[in-house]
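# Analysis of the macromolecular model
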Amino acid sequence: MKYLLPTATVVMAAAGLGVWIFADNHMIGLGLIALALVLWAVAPGILGRVGTDNSTSDVDPARVKEYRAQHPGATIADGIRATREHQ
């Protein structure tokens, strides 16, 4: 579910290019590409934010790696947040 919006953006952009090039329908192709750009602009980042201080001195890479092994699909930011909360 996390990658649904980014995937839809890429698929819509590819479909727009395909319609534009292969079906020779420029308006529909440009419309799909424009919609993909709007989706990309409003979509939240998939990497996430770790914090506002940008300090990585208190991050233990081994704990982050262990957390990500136990939680498939978790990002590095998720692992950092989770390991900071449990210190």
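Notes on the structure in this doc start here.

Thresholds applied
- Residues numbered from 1 in each chain as written.
- Predicted model: local features only at pLDDT ≥ 70, side-chain atom pairs only at ≥ 80, totals over all residues.
- Heavy atoms only, no water.
- Helix = DSSP H or I, 4+ residues; strand = E, 2+ residues; numbered from the N terminus.
- Expected span 1.5 Å × (residues − 1).
- Buried < 20%, exposed > 50% of the residue type's maximum accessible area, 1.4 Å probe, protein only.
- Arc of directions from axis to C-beta.
- Contact = heavy atoms within 4.5 Å.

### What to know about helix α1 (residues 4-22)
- The end-to-end C-alpha separation of α1 is 26 Å, in line with the 27 Å expected for 19 residues at 1.5 Å each.
- Looking only at α1, the buried set comprises Thr9, Met12 and Gly16. One side of α1 carries all its buried residues, which in axial view fall inside an arc of 70°. Of the exposed residues in α1, the ones pointing more than 90 degrees away from its buried face are Leu4, Val10, Val11, Ile21 and Phe22.
- If you follow the buried residues of α1, they end up packed against α2 (26-42).
- Asp24 lies just past α1 and shows a positive phi near 55°.

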